[in-house]
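Structural overview
Take a look at the letters that make up each chain.
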Amino acid sequence: MSAAMDTESTYSGYSHYSGHSKKAHRQGRDRHKSPRSKDGSRSEKSVTIQTPPAEPLLGNDASRAEEGQDDNWGETTTAITGTSEHSISQEDIARISKDLEDSVGLDCKRYLGLTVAAVLGLLVFLTPIAFILLPQILWRDDLEPCGTVCEGLFISVAFKLLILLIGTWALFFRQPKADIPRVFVFRALLLVLIFLFVFSYWLFYGVRILDSKDTNYQGIVQYAVSLVDALLFIHYLAIVLLELRQLQPMFTVKVVRSTDGESRYYSLGHLSIQRAALVVLENYYRDFAVYNPALLTASKSRAAKHMAGLKVYNVDGNNASGQSRAMIAAAARRRDSSHNELYYEEADHERRVRKRRARLVVAVEEAFTHIKRLQAEEQQKAPGEMMDPREAAQAIFPSMARALQKYLRTTRQQQYHSMESILQHLSFCITNNMTPKAFLERYLSPGPTLQYDRDRWFSKHWTLVSEEAVTSGLQDGSVFVLKCLDFSLVVNVKKIPFIKLSEEFIDPKSHKFVLRLQSETSV
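Here the structure is a predicted model, which means the values were calculated and not measured. (Residues numbered from 1 in each chain as written. Predicted model: local features only at pLDDT ≥ 70, side-chain atom pairs only at ≥ 80, totals over all residues. Heavy atoms only, no water.)

Quick notes on the sheet that holds strand E7 (residues 488-495)
What links the strands of a sheet is backbone hydrogen bonding, and the strands pair in either a parallel or an antiparallel sense. Read from one edge of the open sheet, 5 strands run E4-E3-E7-E6-E5, paired in antiparallel fashion. The open sheet has two edge strands with one neighbour each: strand E4 (263-268) and strand E5 (463-466). Averaged over all neighbouring strand pairs, the angle between strand axes comes to 25 degrees, with direction disregarded. Sheet topology places strand E6 (residues 479-483) next to E7; 5 bridges connect them, and they run antiparallel. Bridging from a neighbouring strand, Val-479 pairs with Asn-492 of E7. (Pairing = 2+ DSSP bridges. Helix = DSSP H or I, 4+ residues; strand = E, 2+ residues; numbered from the N terminus. Axes fitted to C-alpha atoms, helices over the stretch in contact; angles between N-to-C directions.)

In C-alpha coordinates:
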(Lines give C-alpha, C1' and ligand atoms only; values in the text may rest on other atoms or scores of the structure.)
Protein backbone atom coordinates (compact mmCIF):
# COMPACT_ATOMS: atom_id res chain seq x y z
CA MET A 1 0.00 0.00 0.00
CA SER A 2 1.07 3.56 -0.69
CA ALA A 3 -0.28 4.90 2.61
CA ALA A 4 1.75 4.13 5.68
CA MET A 5 0.17 2.04 8.39
CA ASP A 6 0.74 3.26 11.98
CA THR A 7 0.67 0.23 14.19
CA GLU A 8 -1.52 0.46 17.30
CA SER A 9 -1.87 -1.81 20.29
CA THR A 10 -3.89 -4.91 19.50
CA TYR A 11 -6.30 -6.40 22.06
CA SER A 12 -7.59 -9.94 21.95
CA GLY A 13 -8.58 -10.18 18.32
CA TYR A 14 -10.25 -6.76 18.10
CA SER A 15 -9.46 -4.94 14.87
CA HIS A 16 -10.53 -1.70 13.23
CA TYR A 17 -11.52 -2.34 9.62
CA SER A 18 -11.87 0.30 6.89
CA GLY A 19 -12.14 0.52 3.11
CA HIS A 20 -8.34 0.64 2.57
CA SER A 21 -7.10 -1.23 5.68
CA LYS A 22 -4.98 -4.38 5.39
CA LYS A 23 -6.75 -7.69 4.94
CA ALA A 24 -5.99 -10.88 6.83
CA HIS A 25 -2.74 -12.71 6.10
CA ARG A 26 -4.64 -15.85 5.10
CA GLN A 27 -6.18 -13.99 2.16
CA GLY A 28 -2.74 -13.71 0.62
CA ARG A 29 -0.41 -10.80 0.16
CA ASP A 30 -1.30 -10.54 -3.52
CA ARG A 31 -4.79 -9.26 -2.54
CA HIS A 32 -3.48 -5.94 -1.20
CA LYS A 33 -0.25 -5.18 -3.03
CA SER A 34 -1.45 -2.01 -4.77
CA PRO A 35 -5.20 -1.54 -4.93
CA ARG A 36 -4.98 2.07 -5.94
CA SER A 37 -2.94 1.30 -9.03
CA LYS A 38 -5.85 -0.67 -10.47
CA ASP A 39 -8.25 2.26 -10.25
CA GLY A 40 -6.51 5.49 -10.94
CA SER A 41 -9.67 7.48 -11.32
CA ARG A 42 -10.61 7.03 -7.65
CA SER A 43 -7.45 8.69 -6.39
CA GLU A 44 -8.02 11.64 -8.75
CA LYS A 45 -11.60 12.32 -7.61
CA SER A 46 -11.25 11.78 -3.88
CA VAL A 47 -9.50 13.32 -0.92
CA THR A 48 -8.14 11.17 1.88
CA ILE A 49 -8.59 12.22 5.48
CA GLN A 50 -7.19 10.64 8.62
CA THR A 51 -9.59 8.54 10.63
CA PRO A 52 -10.79 9.93 13.96
CA PRO A 53 -9.23 8.43 17.10
CA ALA A 54 -12.55 6.97 18.34
CA GLU A 55 -12.86 4.14 15.83
CA PRO A 56 -15.68 1.65 16.17
CA LEU A 57 -14.83 -1.42 18.15
CA LEU A 58 -15.71 -3.99 15.54
CA GLY A 59 -15.62 -2.13 12.25
CA ASN A 60 -18.16 -0.19 10.20
CA ASP A 61 -18.44 -2.62 7.31
CA ALA A 62 -21.93 -4.02 7.43
CA SER A 63 -21.01 -6.87 5.12
CA ARG A 64 -18.84 -8.37 7.88
CA ALA A 65 -21.91 -8.79 10.05
CA GLU A 66 -23.90 -10.90 7.62
CA GLU A 67 -25.52 -13.97 8.99
CA GLY A 68 -23.56 -16.33 6.81
CA GLN A 69 -20.43 -15.61 8.78
CA ASP A 70 -18.52 -18.50 10.29
CA ASP A 71 -19.01 -18.90 14.04
CA ASN A 72 -15.28 -19.62 14.49
CA TRP A 73 -14.04 -16.69 12.47
CA GLY A 74 -12.16 -15.21 15.41
CA GLU A 75 -10.06 -18.37 15.74
CA THR A 76 -9.06 -18.68 12.09
CA THR A 77 -8.32 -15.04 11.29
CA THR A 78 -5.18 -13.01 11.84
CA ALA A 79 -5.83 -9.28 11.67
CA ILE A 80 -3.62 -6.22 11.76
CA THR A 81 -4.78 -3.13 13.61
CA GLY A 82 -3.76 0.28 12.49
CA THR A 83 -4.78 3.78 11.57
CA SER A 84 -6.27 3.64 8.09
CA GLU A 85 -7.46 6.17 5.54
CA HIS A 86 -10.97 6.89 4.31
CA SER A 87 -11.91 8.44 1.01
CA ILE A 88 -14.68 10.94 0.49
CA SER A 89 -15.98 12.20 -2.80
CA GLN A 90 -16.19 15.76 -4.04
CA GLU A 91 -19.95 15.72 -3.44
CA ASP A 92 -19.33 14.94 0.22
CA ILE A 93 -16.85 17.82 0.46
CA ALA A 94 -19.40 20.18 -1.10
CA ARG A 95 -22.08 18.99 1.32
CA ILE A 96 -19.76 19.44 4.32
CA SER A 97 -18.85 22.97 3.23
CA LYS A 98 -22.54 23.82 2.77
CA ASP A 99 -23.32 22.53 6.27
CA LEU A 100 -20.50 24.67 7.68
CA GLU A 101 -21.86 27.76 5.93
CA ASP A 102 -25.37 27.04 7.24
CA SER A 103 -24.05 26.55 10.78
CA VAL A 104 -22.19 29.88 10.62
CA GLY A 105 -25.41 31.61 9.51
CA LEU A 106 -27.39 30.01 12.33
CA ASP A 107 -24.78 31.04 14.90
CA CYS A 108 -24.89 34.64 13.67
CA LYS A 109 -28.69 34.70 13.84
CA ARG A 110 -28.68 33.19 17.32
CA TYR A 111 -26.10 35.63 18.70
CA LEU A 112 -27.89 38.55 17.07
CA GLY A 113 -31.12 37.63 18.83
CA LEU A 114 -29.34 37.22 22.16
CA THR A 115 -27.63 40.60 21.71
CA VAL A 116 -30.90 42.40 20.97
CA ALA A 117 -32.60 40.76 23.97
CA ALA A 118 -29.66 41.62 26.26
CA VAL A 119 -29.58 45.27 25.16
CA LEU A 120 -33.34 45.62 25.60
CA GLY A 121 -33.18 43.97 29.03
CA LEU A 122 -30.39 46.30 30.12
CA LEU A 123 -32.47 49.28 28.96
CA VAL A 124 -35.48 48.04 30.92
CA PHE A 125 -33.55 47.71 34.18
CA LEU A 126 -31.71 51.00 33.85
CA THR A 127 -34.81 53.04 32.98
CA PRO A 128 -36.39 53.19 36.51
CA ILE A 129 -33.01 54.00 38.02
CA ALA A 130 -32.50 56.77 35.47
CA PHE A 131 -35.94 58.18 36.20
CA ILE A 132 -34.97 58.57 39.88
CA LEU A 133 -31.39 59.82 39.39
CA LEU A 134 -31.80 62.34 36.56
CA PRO A 135 -33.71 64.94 38.65
CA GLN A 136 -31.08 64.63 41.40
CA ILE A 137 -28.36 65.33 38.86
CA LEU A 138 -29.95 68.07 36.74
CA TRP A 139 -32.00 70.22 39.14
CA ARG A 140 -31.20 68.97 42.60
CA ASP A 141 -31.58 72.34 44.32
CA ASP A 142 -35.11 72.92 43.01
CA LEU A 143 -36.54 69.59 44.13
CA GLU A 144 -38.92 69.30 46.99
CA PRO A 145 -37.61 67.34 50.00
CA CYS A 146 -38.24 63.59 49.92
CA GLY A 147 -40.34 62.51 52.89
CA THR A 148 -40.85 59.20 54.59
CA VAL A 149 -43.23 57.93 51.92
CA CYS A 150 -40.75 58.79 49.17
CA GLU A 151 -37.92 56.99 50.95
CA GLY A 152 -40.15 53.93 51.40
CA LEU A 153 -40.74 53.92 47.64
CA PHE A 154 -36.96 53.57 47.15
CA ILE A 155 -37.07 50.27 49.02
CA SER A 156 -40.09 49.16 46.98
CA VAL A 157 -38.34 49.92 43.68
CA ALA A 158 -35.17 48.11 44.79
CA PHE A 159 -36.93 44.88 45.77
CA LYS A 160 -39.22 44.90 42.74
CA LEU A 161 -36.26 45.31 40.43
CA LEU A 162 -34.49 42.44 42.20
CA ILE A 163 -37.56 40.20 41.75
CA LEU A 164 -37.84 41.24 38.11
CA LEU A 165 -34.15 40.52 37.54
CA ILE A 166 -34.40 37.03 38.99
CA GLY A 167 -37.59 36.25 37.05
CA THR A 168 -36.12 37.52 33.79
CA TRP A 169 -32.97 35.47 34.28
CA ALA A 170 -35.01 32.32 35.00
CA LEU A 171 -37.38 32.78 32.05
CA PHE A 172 -35.29 34.26 29.24
CA PHE A 173 -31.59 33.74 29.92
CA ARG A 174 -31.46 30.00 29.45
CA GLN A 175 -29.10 28.11 27.20
CA PRO A 176 -30.91 27.42 23.91
CA LYS A 177 -31.47 23.75 23.16
CA ALA A 178 -31.78 24.12 19.39
CA ASP A 179 -31.76 26.54 16.50
CA ILE A 180 -35.20 27.01 14.97
CA PRO A 181 -35.66 28.18 11.37
CA ARG A 182 -38.02 31.07 12.23
CA VAL A 183 -38.39 33.46 15.13
CA PHE A 184 -40.48 32.55 18.13
CA VAL A 185 -43.59 34.66 17.55
CA PHE A 186 -44.66 35.15 21.16
CA ARG A 187 -41.17 36.04 22.29
CA ALA A 188 -40.78 38.53 19.47
CA LEU A 189 -44.15 40.09 20.33
CA LEU A 190 -43.12 40.43 23.96
CA LEU A 191 -39.87 42.14 22.98
CA VAL A 192 -41.77 44.57 20.76
CA LEU A 193 -44.30 45.20 23.53
CA ILE A 194 -41.55 45.92 26.07
CA PHE A 195 -39.77 48.25 23.66
CA LEU A 196 -42.94 50.23 22.91
CA PHE A 197 -43.80 50.32 26.60
CA VAL A 198 -40.39 51.66 27.69
CA PHE A 199 -40.30 54.08 24.76
CA SER A 200 -43.70 55.53 25.70
CA TYR A 201 -42.56 55.94 29.31
CA TRP A 202 -39.40 57.74 28.17
CA LEU A 203 -41.43 59.96 25.87
CA PHE A 204 -43.80 60.98 28.65
CA TYR A 205 -40.87 61.45 31.05
CA GLY A 206 -39.05 63.69 28.62
CA VAL A 207 -42.06 65.89 27.83
CA ARG A 208 -43.69 66.23 31.25
CA ILE A 209 -40.71 65.97 33.64
CA LEU A 210 -37.44 66.83 31.89
CA ASP A 211 -38.72 69.79 29.89
CA SER A 212 -40.71 71.30 32.72
CA LYS A 213 -38.20 70.33 35.42
CA ASP A 214 -40.88 69.08 37.76
CA THR A 215 -40.02 69.74 41.39
CA ASN A 216 -42.34 67.11 42.89
CA TYR A 217 -39.73 64.45 43.53
CA GLN A 218 -42.15 62.09 45.26
CA GLY A 219 -44.33 62.11 42.12
CA ILE A 220 -41.27 61.30 39.99
CA VAL A 221 -40.39 58.34 42.23
CA GLN A 222 -44.01 57.20 42.11
CA TYR A 223 -43.80 57.35 38.30
CA ALA A 224 -40.74 55.06 38.38
CA VAL A 225 -42.58 52.66 40.72
CA SER A 226 -45.50 52.46 38.27
CA LEU A 227 -43.04 51.54 35.52
CA VAL A 228 -41.60 48.69 37.59
CA ASP A 229 -45.10 47.44 38.43
CA ALA A 230 -46.04 47.39 34.75
CA LEU A 231 -42.85 45.49 33.91
CA LEU A 232 -43.76 42.87 36.52
CA PHE A 233 -47.18 42.43 34.87
CA ILE A 234 -45.51 42.04 31.47
CA HIS A 235 -43.27 39.37 32.99
CA TYR A 236 -46.37 37.56 34.25
CA LEU A 237 -47.84 37.77 30.74
CA ALA A 238 -44.63 36.27 29.37
CA ILE A 239 -44.91 33.33 31.77
CA VAL A 240 -48.49 32.69 30.62
CA LEU A 241 -47.67 32.87 26.90
CA LEU A 242 -44.32 31.08 26.92
CA GLU A 243 -44.78 28.44 29.61
CA LEU A 244 -48.35 27.92 30.84
CA ARG A 245 -50.24 28.05 27.55
CA GLN A 246 -48.61 24.90 26.18
CA LEU A 247 -49.05 22.72 29.27
CA GLN A 248 -52.63 21.59 28.63
CA PRO A 249 -52.60 18.70 26.09
CA MET A 250 -54.66 19.49 23.00
CA PHE A 251 -53.14 17.32 20.27
CA THR A 252 -51.80 13.79 19.89
CA VAL A 253 -48.95 13.32 17.43
CA LYS A 254 -47.79 10.05 15.93
CA VAL A 255 -44.10 9.93 15.04
CA VAL A 256 -43.00 7.25 12.57
CA ARG A 257 -39.42 6.59 11.49
CA SER A 258 -39.38 6.12 7.74
CA THR A 259 -36.78 3.35 7.55
CA ASP A 260 -37.98 0.72 10.02
CA GLY A 261 -41.48 1.97 10.89
CA GLU A 262 -40.85 2.40 14.63
CA SER A 263 -43.48 4.75 16.03
CA ARG A 264 -44.35 6.62 19.22
CA TYR A 265 -47.28 8.75 20.40
CA TYR A 266 -46.97 12.05 22.26
CA SER A 267 -49.40 14.63 23.65
CA LEU A 268 -48.77 18.30 22.90
CA GLY A 269 -50.42 21.58 23.75
CA HIS A 270 -50.82 24.78 21.75
CA LEU A 271 -47.48 24.96 19.95
CA SER A 272 -46.24 26.16 16.61
CA ILE A 273 -45.03 23.59 14.11
CA GLN A 274 -41.36 24.41 14.67
CA ARG A 275 -41.66 24.17 18.45
CA ALA A 276 -43.63 20.93 18.13
CA ALA A 277 -40.79 19.63 15.97
CA LEU A 278 -38.33 20.45 18.77
CA VAL A 279 -40.45 18.55 21.30
CA VAL A 280 -40.64 15.57 18.93
CA LEU A 281 -36.86 15.53 18.47
CA GLU A 282 -36.21 15.77 22.21
CA ASN A 283 -38.45 12.76 22.79
CA TYR A 284 -36.96 10.94 19.79
CA TYR A 285 -33.46 10.91 21.26
CA ARG A 286 -34.87 9.57 24.51
CA ASP A 287 -37.56 7.08 23.42
CA PHE A 288 -36.58 5.70 20.01
CA ALA A 289 -34.01 2.96 19.70
CA VAL A 290 -30.84 4.13 18.02
CA TYR A 291 -31.00 4.05 14.23
CA ASN A 292 -29.03 1.09 12.92
CA PRO A 293 -28.68 0.98 9.11
CA ALA A 294 -27.01 -2.44 9.32
CA LEU A 295 -30.36 -4.01 10.25
CA LEU A 296 -31.81 -2.88 6.92
CA THR A 297 -29.15 -4.63 4.85
CA ALA A 298 -30.63 -8.09 5.49
CA SER A 299 -33.81 -7.44 3.52
CA LYS A 300 -31.88 -5.70 0.76
CA SER A 301 -29.39 -8.56 0.45
CA ARG A 302 -32.25 -11.06 0.43
CA ALA A 303 -33.98 -9.23 -2.42
CA ALA A 304 -30.71 -8.92 -4.34
CA LYS A 305 -30.10 -12.66 -3.89
CA HIS A 306 -33.50 -13.50 -5.32
CA MET A 307 -33.00 -11.24 -8.32
CA ALA A 308 -29.48 -12.55 -8.87
CA GLY A 309 -30.87 -16.10 -9.21
CA LEU A 310 -32.95 -15.07 -12.22
CA LYS A 311 -31.38 -15.28 -15.67
CA VAL A 312 -33.03 -13.81 -18.77
CA TYR A 313 -31.84 -14.84 -22.23
CA ASN A 314 -32.48 -12.52 -25.16
CA VAL A 315 -33.21 -15.03 -27.91
CA ASP A 316 -35.36 -13.09 -30.35
CA GLY A 317 -33.77 -9.70 -29.76
CA ASN A 318 -36.47 -8.07 -27.63
CA ASN A 319 -35.78 -4.77 -25.91
CA ALA A 320 -34.97 -4.12 -22.26
CA SER A 321 -38.61 -3.59 -21.29
CA GLY A 322 -39.39 -7.14 -22.32
CA GLN A 323 -36.57 -8.42 -20.15
CA SER A 324 -37.86 -6.43 -17.20
CA ARG A 325 -41.32 -7.92 -17.62
CA ALA A 326 -39.82 -11.40 -17.80
CA MET A 327 -37.86 -10.86 -14.59
CA ILE A 328 -40.95 -9.54 -12.81
CA ALA A 329 -42.98 -12.54 -13.92
CA ALA A 330 -40.26 -14.96 -12.79
CA ALA A 331 -40.02 -13.19 -9.43
CA ALA A 332 -43.79 -13.50 -9.02
CA ARG A 333 -43.61 -17.24 -9.64
CA ARG A 334 -40.95 -17.58 -6.96
CA ARG A 335 -42.95 -15.57 -4.45
CA ASP A 336 -44.63 -18.65 -3.01
CA SER A 337 -41.32 -20.10 -1.84
CA SER A 338 -39.77 -16.84 -0.61
CA HIS A 339 -41.68 -16.82 2.69
CA ASN A 340 -40.19 -20.20 3.59
CA GLU A 341 -36.70 -18.88 3.04
CA LEU A 342 -37.48 -15.82 5.16
CA TYR A 343 -38.87 -18.02 7.95
CA TYR A 344 -35.81 -20.26 8.09
CA GLU A 345 -33.40 -17.33 7.84
CA GLU A 346 -35.04 -15.57 10.77
CA ALA A 347 -35.18 -18.78 12.79
CA ASP A 348 -31.50 -19.45 12.15
CA HIS A 349 -30.60 -15.88 13.10
CA GLU A 350 -32.58 -16.09 16.34
CA ARG A 351 -30.91 -19.39 17.19
CA ARG A 352 -27.46 -17.91 16.62
CA VAL A 353 -28.32 -14.81 18.68
CA ARG A 354 -29.54 -16.93 21.61
CA LYS A 355 -26.45 -19.09 21.50
CA ARG A 356 -24.03 -16.16 21.47
CA ARG A 357 -26.06 -14.35 24.09
CA ALA A 358 -25.73 -17.37 26.40
CA ARG A 359 -21.98 -17.47 25.80
CA LEU A 360 -21.71 -13.76 26.55
CA VAL A 361 -23.71 -14.02 29.78
CA VAL A 362 -21.56 -16.90 31.02
CA ALA A 363 -18.32 -15.10 30.10
CA VAL A 364 -19.37 -11.90 31.87
CA GLU A 365 -20.50 -13.75 34.99
CA GLU A 366 -17.17 -15.58 35.18
CA ALA A 367 -15.31 -12.27 34.72
CA PHE A 368 -17.25 -10.60 37.52
CA THR A 369 -16.66 -13.63 39.73
CA HIS A 370 -12.95 -13.17 39.06
CA ILE A 371 -13.34 -9.50 40.07
CA LYS A 372 -14.86 -10.46 43.41
CA ARG A 373 -11.99 -12.84 44.02
CA LEU A 374 -9.50 -10.09 43.18
CA GLN A 375 -11.27 -7.68 45.51
CA ALA A 376 -11.03 -10.18 48.32
CA GLU A 377 -7.30 -10.51 47.66
CA GLU A 378 -6.81 -6.75 47.39
CA GLN A 379 -8.28 -6.20 50.84
CA GLN A 380 -5.42 -8.16 52.31
CA LYS A 381 -2.77 -6.05 50.57
CA ALA A 382 -1.36 -2.71 51.54
CA PRO A 383 -3.33 0.40 50.47
CA GLY A 384 -0.66 1.42 47.95
CA GLU A 385 -0.82 -1.92 46.14
CA MET A 386 -4.58 -1.92 45.50
CA MET A 387 -5.81 -1.99 41.90
CA ASP A 388 -8.02 0.83 40.66
CA PRO A 389 -11.25 0.09 38.70
CA ARG A 390 -9.63 0.93 35.34
CA GLU A 391 -6.86 -1.61 35.85
CA ALA A 392 -9.39 -4.19 37.04
CA ALA A 393 -11.50 -3.62 33.92
CA GLN A 394 -8.44 -4.07 31.69
CA ALA A 395 -7.56 -7.24 33.59
CA ILE A 396 -10.91 -9.01 33.08
CA PHE A 397 -11.77 -7.57 29.67
CA PRO A 398 -9.88 -10.20 27.59
CA SER A 399 -11.93 -13.03 29.12
CA MET A 400 -15.19 -11.58 27.80
CA ALA A 401 -13.89 -9.77 24.72
CA ARG A 402 -14.36 -12.57 22.18
CA ALA A 403 -17.89 -13.45 23.30
CA LEU A 404 -18.90 -9.77 23.33
CA GLN A 405 -17.36 -9.26 19.90
CA LYS A 406 -19.29 -12.12 18.35
CA TYR A 407 -22.57 -11.08 19.94
CA LEU A 408 -22.26 -7.46 18.79
CA ARG A 409 -21.45 -8.59 15.28
CA THR A 410 -24.41 -10.96 15.18
CA THR A 411 -26.83 -8.29 16.40
CA ARG A 412 -25.14 -5.66 14.20
CA GLN A 413 -24.31 -3.28 17.05
CA GLN A 414 -20.55 -3.22 16.51
CA GLN A 415 -20.43 0.33 15.11
CA TYR A 416 -21.92 1.82 18.28
CA HIS A 417 -19.44 0.45 20.82
CA SER A 418 -15.76 1.22 20.78
CA MET A 419 -13.29 -0.63 22.94
CA GLU A 420 -12.68 2.51 25.00
CA SER A 421 -16.40 2.98 25.69
CA ILE A 422 -16.74 -0.66 26.80
CA LEU A 423 -13.77 -0.31 29.15
CA GLN A 424 -15.22 2.87 30.61
CA HIS A 425 -18.58 1.21 31.15
CA LEU A 426 -16.93 -1.82 32.72
CA SER A 427 -14.86 0.31 35.10
CA PHE A 428 -18.00 2.29 35.99
CA CYS A 429 -19.82 -0.95 36.87
CA ILE A 430 -16.88 -2.13 38.95
CA THR A 431 -16.68 1.19 40.79
CA ASN A 432 -20.36 1.14 41.70
CA ASN A 433 -20.40 -2.59 42.55
CA MET A 434 -22.92 -3.43 39.82
CA THR A 435 -23.93 -6.94 38.79
CA PRO A 436 -23.19 -8.66 35.46
CA LYS A 437 -26.79 -8.07 34.36
CA ALA A 438 -26.35 -4.35 34.91
CA PHE A 439 -23.23 -4.40 32.75
CA LEU A 440 -24.91 -6.38 29.96
CA GLU A 441 -28.03 -4.20 29.88
CA ARG A 442 -26.38 -1.81 27.42
CA TYR A 443 -25.40 -4.53 24.95
CA LEU A 444 -28.19 -7.11 25.06
CA SER A 445 -30.68 -4.75 23.43
CA PRO A 446 -30.22 -1.47 21.54
CA GLY A 447 -30.86 1.52 23.76
CA PRO A 448 -32.03 5.07 23.00
CA THR A 449 -29.91 7.42 20.98
CA LEU A 450 -28.74 9.42 24.00
CA GLN A 451 -27.03 6.32 25.37
CA TYR A 452 -24.36 6.42 22.67
CA ASP A 453 -21.72 8.94 21.66
CA ARG A 454 -22.68 11.79 19.37
CA ASP A 455 -20.48 10.36 16.62
CA ARG A 456 -22.80 7.32 16.42
CA TRP A 457 -26.10 9.17 16.25
CA PHE A 458 -26.44 9.37 12.44
CA SER A 459 -28.72 12.36 13.03
CA LYS A 460 -27.47 15.76 14.13
CA HIS A 461 -28.77 18.24 11.57
CA TRP A 462 -32.50 18.13 10.87
CA THR A 463 -34.60 19.77 8.17
CA LEU A 464 -38.25 20.64 8.83
CA VAL A 465 -40.53 20.12 5.81
CA SER A 466 -44.08 21.44 6.11
CA GLU A 467 -46.73 22.63 3.67
CA GLU A 468 -47.89 25.21 6.21
CA ALA A 469 -45.85 27.98 7.75
CA VAL A 470 -43.67 26.66 10.57
CA THR A 471 -44.73 29.58 12.78
CA SER A 472 -48.41 28.60 12.54
CA GLY A 473 -50.00 26.56 15.27
CA LEU A 474 -50.79 22.86 15.21
CA GLN A 475 -54.09 21.84 13.65
CA ASP A 476 -56.03 18.65 13.30
CA GLY A 477 -54.67 16.66 10.36
CA SER A 478 -51.40 18.58 10.04
CA VAL A 479 -48.46 16.59 8.72
CA PHE A 480 -44.81 17.62 8.75
CA VAL A 481 -41.57 15.75 8.18
CA LEU A 482 -38.23 15.96 9.98
CA LYS A 483 -35.44 14.89 7.65
CA CYS A 484 -31.85 14.05 8.38
CA LEU A 485 -29.15 12.50 6.25
CA ASP A 486 -30.19 8.84 6.48
CA PHE A 487 -33.86 8.79 7.44
CA SER A 488 -36.83 10.98 8.28
CA LEU A 489 -39.52 11.26 10.94
CA VAL A 490 -43.09 11.64 9.70
CA VAL A 491 -45.32 13.43 12.22
CA ASN A 492 -49.11 13.22 11.97
CA VAL A 493 -51.18 15.52 14.22
CA LYS A 494 -54.60 14.58 15.58
CA LYS A 495 -56.69 16.71 17.88
CA ILE A 496 -57.80 15.19 21.16
CA PRO A 497 -61.58 14.71 20.82
CA PHE A 498 -64.03 16.58 23.00
CA ILE A 499 -65.23 14.23 25.72
CA LYS A 500 -68.74 14.53 27.08
CA LEU A 501 -69.05 12.96 30.49
CA SER A 502 -72.48 12.49 32.05
CA GLU A 503 -73.54 11.33 35.46
CA GLU A 504 -76.08 8.68 36.32
CA PHE A 505 -77.58 8.68 39.81
CA ILE A 506 -78.25 5.36 41.48
CA ASP A 507 -80.78 5.35 44.29
CA PRO A 508 -79.23 3.74 47.37
CA LYS A 509 -82.58 2.14 48.21
CA SER A 510 -82.54 0.17 44.96
CA HIS A 511 -79.78 -2.08 46.37
CA LYS A 512 -81.84 -3.16 49.39
CA PHE A 513 -83.69 -6.43 49.40
CA VAL A 514 -85.58 -8.58 51.91
CA LEU A 515 -84.81 -12.23 52.55
CA ARG A 516 -87.91 -14.14 53.53
CA LEU A 517 -87.39 -17.53 55.17
CA GLN A 518 -90.20 -20.05 55.25
CA SER A 519 -90.84 -21.41 58.74
CA GLU A 520 -92.46 -24.59 57.50
CA THR A 521 -90.20 -27.29 56.19
CA SER A 522 -91.10 -30.54 54.46
CA VAL A 523 -90.62 -33.69 56.48
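Considerations on the side chain of Thr-168
Inspection of the secondary structure puts Thr-168 in helix H4 (residues 148-171). Those residues within four positions of Thr-168 in sequence are excluded, and the remaining contacts are Phe-125, Phe-173 and His-235. (Contact = heavy atoms within 4.5 Å.)

Topic: the UniProt feature "transmembrane region" (unreviewed entry) in the protein chain
UniProt annotation of "transmembrane region" (unreviewed entry) refers to residues 111-133, 153-172, 184-204 and 224-244 when read in the numbering used here. Structurally, residues 153-172 is divided into 95% helix and 0% strand, and its ends, taken at the C-alpha atoms, are 27 Å apart. Here residues 224-244 runs as 100% helix and 0% strand, with 29 Å between its end C-alpha atoms. (UniProt positions renumbered as here; feature names shortened; annotations may be inferred.)

Things to note about H4
Taking 1.5 Å per residue, 24 residues should reach 34 Å; H4 reaches 35 Å between its end C-alpha atoms and fits that length. Taken together, the buried positions of H4 are Cys-150, Leu-153, Val-157, Leu-161, Leu-164, Gly-167, Thr-168 and Leu-171. (Expected span 1.5 Å × (residues − 1). Buried < 20%, exposed > 50% of the residue type's maximum accessible area, 1.4 Å probe, protein only.)

Comments concerning the state of the cysteines
Taken as a whole and judged by the stated rule, the model has 1 disulfide. One disulfide bridge connects Cys-146 with Cys-150, the sulfur atoms lying 2.0 Å from each other. Disulfide Cys-146 to Cys-150: torsion about the S-S bond roughly -115 degrees, handedness left-handed. Taking relative accessible area as the criterion, Cys-146 reaches 26% and is therefore assigned partly exposed. (Disulfide = S-S within 2.5 Å.)

Let's talk about the environment of Gln-375
Tracing the sequence through the fold places Gln-375 in helix H10 (residues 335-378). For Gln-375 and Met-387, which are 12 residues apart along the polypeptide, the C-alpha to C-alpha distance reads 8.7 Å.

A look at the side chain of Arg-257
Looking at where Arg-257 falls in the secondary structure, it is placed in strand E3 (residues 251-257). Overall, the relative accessible area of 2% leaves Arg-257 in the buried class. Not counting chain neighbours up to four residues away, the residues in contact with Arg-257 comprise Glu-262, Tyr-284, Phe-288, Ala-289, Val-290, Tyr-291, Phe-487, Ser-488 and Leu-489.

Structural notes on the pattern of salt bridges
When their charged atoms lie close together, side chains carrying opposite charge are able to pair. Applying the stated criterion across every chain yields a total of 8 salt bridges. Across the pair Asp-348 and Arg-352 runs a salt bridge whose closest N-O atoms are separated by 2.8 Å. With Asp-348 and Arg-352 both in helix H10 and 4 residues apart, this pair spans about one turn of that helix. Judged by relative accessible area, which is 6%, Arg-352 ranks as buried. The partner of Arg-390 in a salt bridge is Glu-420, and the shortest N-O contact between them spans 3.1 Å. Of this pair, Arg-390 sits in helix H11 (residues 389-410) while Glu-420 sits in helix H12 (residues 419-431); the two residues are 30 residues apart in sequence, bridging distant segments of the chain. The partly exposed category is assigned to Arg-390, whose relative accessible area is 28%. One connected set of salt bridges, linked through shared partners, spans Arg-257, Asp-260, Glu-262 and Arg-264. (Salt bridge = Lys/Arg side-chain N within 4 Å of Asp/Glu carboxyl O.)

A few points about the nonpolar core
In terms of nonpolar packing, the biggest core is built from 29 residues, with Phe-131 and Phe-197 touching the most fellow members. Those elements that provide at least two residues to this core are helix H3 (90-138), H4, helix H5 (185-210) and helix H6 (217-244). Looking at this core, the element that brings in the most residues is H6, giving 11 residues. When sequence neighbours within four positions are dropped, the list of residues in contact with Phe-197 reads Leu-227, Ala-230, Leu-231 and Ile-234. (Core = buried A, V, L, I, M, F, W, Y, C linked by side-chain atoms within 4.5 Å.)

Thoughts on the packing of aromatic side chains
Centre-to-centre distance and the angle between the planes together describe a pair of aromatic rings. Under the counting rule described, the total for this entry stands at 20 aromatic pairs. Arranged with centres 4.6 Å apart and planes meeting at 40 degrees, the rings of Tyr-291 and Phe-487 form a pair that is tilted. Taken together, the residues Tyr-291 in the loop between helix H7 (273-287) and helix H8 (297-308) and Phe-487 in the loop between E6 and E7 connect sequence positions 196 residues apart. Both residues of the pair, Tyr-291 and Phe-487, belong to the buried class. Between Tyr-343 and Tyr-344 the ring centres are 5.2 Å apart and the planes differ by 75 degrees, which places this aromatic pair in the edge-to-face class. (Phe/Tyr/Trp six-rings, centres within 6.5 Å; stacked < 30°, edge-to-face > 60°.)

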